[in-house]
Structures are given as C-alpha cells and as structure tokens.
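What the coordinates show
The primary structure of each chain is shown beneath.
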Amino acid sequence: MHESAPQNPRHPDHLDHLDRVDRSGDPSPHASVEGRQQTPDVSRRLILKSAGAASAGAGLGLGAAAAAASPAAAAVPRRQGATMIGVPFERRGTVRVGIVGLGNRGSAMTELFLAVPGVRVVALCDTVRAKAEKVAAKVRSAGQPAPALYTKGEDDFRQLCGRGDVDFVYVATPWEWHFPMAEAALTAGKHVGVECPAAMELDQLWRLVDLSERTRRHCIQLENCCYGRNEMRVLRMAHAGKFGELLHGAGAYIHDLRELMFSPTYYEGPWRRLWHTRLRGDVYPTHGFAPVANYMDVNRGDRAVRITTFGSPAAGLAAYRAQHMPPGDASWKETYVGSDMSVSLVQTARGRVIRLEHAVSNPHPYSRVNALGGTKGAFEDYPPRIYLEPEMSGDEWGDFGTYAEWDHWLWKEHANPPGGHGGMDYIMIFRLMQCMRQGLVPDFDVYDAATWSAPVPLSHASIRAKGAPQEIPDFTRGLWRAGRPGVDSAKP
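Let me begin by describing the structure that accompanies this report. (Residues numbered from 1 in each chain as written. Predicted model: local features only at pLDDT ≥ 70, side-chain atom pairs only at ≥ 80, totals over all residues. Heavy atoms only, no water.)

Below, the discussion takes up the state of the cysteines. Under the definition given, this model contains zero disulfides. For C196, which is in no disulfide, the shortest distance to another cysteine sulfur is to C225 and amounts to 7.4 Å. We classify C196 as buried; its relative accessible area is 0%. On the basis of relative accessible area, C225 is assigned to the buried category, the value being 0%. (Disulfide = S-S within 2.5 Å. Buried < 20%, exposed > 50% of the residue type's maximum accessible area, 1.4 Å probe, protein only.)

For the rest of this paragraph, the subject is the packing of aromatic side chains. Taken as a whole and assessed by the stated rule, the structure comprises 17 aromatic pairs. Ring centres 6.0 Å apart and planes at 80° place the aromatic pair F157 and W177 in the edge-to-face group. Taken as a pair, F157 in helix 6 (residues 157-161) and W177 in the loop between strand 4 (168-171) and helix 7 (178-187) lie far apart in primary sequence, 20 residues in all. Comparing F157 with W177, the two get one shared label, buried. Between F444 and W452, the ring centres sit 4.9 Å apart and the planes meet at 70°, which makes this aromatic pair edge-to-face. Pair check on accessibility: F444 and W452 agree, each one buried. Directly above the ring of W275 sits R278, whose terminal nitrogen or CZ lies 5.0 Å from the centroid. Above the face of the W332 ring, R321 is positioned so that its terminal group lies 4.7 Å from the ring centre. (Phe/Tyr/Trp six-rings, centres within 6.5 Å; stacked < 30°, edge-to-face > 60°. Helix = DSSP H or I, 4+ residues; strand = E, 2+ residues; numbered from the N terminus. Lys NZ or Arg CZ within 6 Å of the ring centre and 35° of its normal.)

Strands pair in a sheet through their backbones, by hydrogen bonds, and they do so in one of two ways: parallel or antiparallel. Reading across from one edge, 3-2-1-4-5-6 is the order of the six strands in this open sheet, with parallel pairing throughout. Sheet topology places strand 3 (148-150) and strand 6 (219-221) at the edges, where each strand pairs with a single neighbour. Taken pair by pair, the neighbouring strands of this sheet meet at an average axis angle of 25°, ignoring direction. For strand 2 (residues 119-125) and strand 3, the ladder comprises three bridges, and the chain directions are parallel. Bridging from a neighbouring strand, L124 pairs with L149 of strand 3. With respect to the sheet, helix 15 (residues 424-438) is in contact with strand 1 (95-100), strand 2, strand 4, strand 5 (191-194) and strand 6, its orientation differing from that of strand 1 by roughly 140°. (Pairing = 2+ DSSP bridges. Axes fitted to C-alpha atoms, helices over the stretch in contact; angles between N-to-C directions. Contact = heavy atoms within 4.5 Å.)

With that out of the way, let us pick up the packing of helix 12 (residues 286-295) against helix 16 (residues 446-453). Where helix 12 contacts helix 16, the axes come no closer than 9 Å and their chain directions differ by 125°. On the basis of their axis angle, the class for helix 12 and helix 16 is oblique. Like other packed secondary-structure pairs, helix 12 and helix 16 cross with a definite hand, here right-handed. Listed contacts from helix 16 to T286, F289, A290, A293 and N294 of helix 12 are T451, W452 and S453. Of the residues that constitute the contact of helix 12 with helix 16, the class distribution is four nonpolar, four polar and no charged. (Parallel < 35°, antiparallel > 145°, perpendicular 65-115°, else oblique. Left-handed = near helix turned anticlockwise from the far one by under 90°. Nonpolar A, V, L, I, M, F, W, Y, C, P; charged D, E, K, R; others polar.)

See below:
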C-alpha cells in the first residue's frame, strides 16, 4: 500500500495486503472461446516485479481446480510427520529475518519488524533492485547493519532462504508466489510467515501442512485482522461466555478496489485484476474467516467441515473499464468472471454457521462485517455495536466502547501501536517475534493457515457446481477436537 495511506483500518482506500497473486484456472467454462482467447497469460516475471513478484504463471485449469476441490479431495492423506500443534519455537535472543517482496506491503512491514525489540532484518529480496535498495536504506537508518540483497531474478529468493543466518522468512509477494516461497523456506529449515492467502490450491495447502510437520518448522498465515482491537476484545468476551453458546458469525472483505486494480502505477502489472479473469469465488477469505474461526475455536474444539458458495454476475470491472479506460488499453482483452459478490456459508462440526462475503468490484464503504451471535447476545462491526442480555433490552444496540475492560493484554500494553491498519499490523509482528524470542507456541499454525485459505479453491468449485457444498479437509487429521490456546493467549 502507499506509505502515505491513512492508518485507519476502516478507511476504504487502505489496502490490507494486496502485494500478492496466484494461479487457479481459466475463465468461466460458459465464456465464449473468443473470450478465453482474449484473456492474456500473465508472465511469471511480470508478477514477481511487483511487491517482490507479479505474474499469474501457469494456471490450473478449471476442470482440474474443480476436481481438486471436490468432496473426494477432502479425504485426509496419511500423516508424514508428527503434528505441529503445541510445538514451541526455539528460544533465541535475536530473531534474524529475511523479507521477500518489497512492494507496498513488504516495505511497510519492514518498518514494523525494525520497530520490534530483538529483531534484525538481515536479508531482502525483490526482482526490482531499486525497491531493495530503498528498503535497505530503512534498515540502515534504524541502526542495523546493511542487509544482504537478492535481486538477480525471480528465483533469487531461494538463495535468501538458504542463508544460515536467517531464522524467519517473511513473504509479501503476489499470491502465486506464496506457496513456492513458503515451500522453499520450510525446505531450507526456516520458519515462514506468509501474507494472505497461504496458497490458492488444496494440494498446495496439504503440501505446506506436510512440509511443516516434516521439517519441524512453523508456517504461519500472517492474518493481521486476528489482532485487530475489536476482534481481540470480542474474542475474549466470547471465550468468557458473554455471548452464551455461540451459534453463528460472519466476516467479509468488502473493499472498492476498482481504481487501484486499473491503476498503471499502484501494481507493477495487472496481476491483481487478472485473478478476476480466472476465479469466480472468494479469493481473499481470511480477513473475514480467521477472526470468526478464532471466536468459535475452529481447530481447537470445533472444525469447519463444508462450504457452499453462490456468486453474483461479474459486471463491476467491465463497467469501470468502459467508463475509465481508453480504447486500445490492454484491459480490453480481459474477460472478467470473478463474482462481484460471493456469499459463502461454512458449517462447523458443532453445527455453527459462518457467513463469508467478498466484494471488491463495486462502490461500497469498506467493511469486514465481523459479526458474532449466541444465545445471550450479538456483536456487529462497521460500526461496532453490541447487544447483550441481561444488561440490554428492547431494540437499541449498546455501546461497544464501554467494554474496554475486555481488551486483550496486547492492546493494554500497546495502546497506541505504530504502523498501519490501526496498529494491528504491529501487534501481529510484535506477538510473533515475542513467541520466537521466548520459545513459545505460536498463536496459530499451519493448520489454521490451510483452513483459512481453503475457501479460495472451494468457493470457486462450489459456484461452478451451482452452489453444491464442498468438503473442507481436516488438516489437523483429527486433532481439532482438543481445546488449546490460540490468539486468546496468556500474557507470558
């Protein structure tokens, strides 16, 4: 995101993490042959030259995507290593970080790594040398030694992952690159944190689970919304029983991105927009899914078992193009199939329901919805409001601000954190680095990363199957039944 962007997490111009991409299929099977021929391939080199990457690479055909997302694909493969549930980091005085992808997101997050005590940024990787040099100057200005730079091509991240002085690899690149980069980091024996989503295909998610278990290294989905002040307050209240028995929740990513997706300068290349020519479903589910999954202890006593998704027509991007893009622009060769609004229903093993929405192609104020309901009351965000019995009655919502006593200890210790999205970026990085330095179990793990990202391929498959439910794999292989700590962590 632009470094000058507002710091309000609810500001409609404040992109959450849009320095990334992925592969997953051709346009709609109902599109004309001509339409499919008009959808351009995105070169891998174009994608890597964005936030550290910028292409959509070789796509997974829609037929293959649907097969990979079928209920049969939810069968649990045999475990290849011991579980990573409850496995602590190795204790270390200083965490040495390598950062891959130095576009809008990676550059901003580097500043937060530098702001956390006991963290050194030792290596940087981006195919655009000027970006690497600009971020390296930030590292030197923070009083740290000059970091090593890896800028010799789209595969130079592998050299960074192989360094002996890197403990943690942070990946902030287009979505396509999340899986191969996380794979390279784990294989090299490094813990890795990946921006959203962790991967775009079910087989890739399973491979990350298996790699994490085999290498004994954590693969963390860096979902900053889990650390939002409101989300953490609701989490603590939910776990204390303030909402009674939890029944349903909702989360979303509703953000008008039309101008940025057509901007010739915001991204290096059209990779973000081109995913609307490939996938129909929810390509960015974790902002809404992860906080509600935390409320309901998904993978910690409950499990997401199936998802069904319906999608609206894809009209918004074509309408914006017709109004704003000149004849002859490359975008006129694109055929958009991504639903302007996708609505998913996830059911859990305990019968709860989670509603997910994704909409980035139409005018709408920013919202993540962030709602929770139970037998004693409800919470809804944007704007935040609460209704609890017995203290409330009638039809008026209560003031959520009066429940500050329920703030998480991280927000009590860091009342005015630096960085974007209202400070939750810093809270996330601070907590992760704290866990690494003190040898603690991370707040979430590779099983959460896989679960939260699974709606990407599954929502697409469900829409193609006219809303047919898709089974969500049990990435924990049966270990979800046991309660265990998560983001609602005890203060160390």
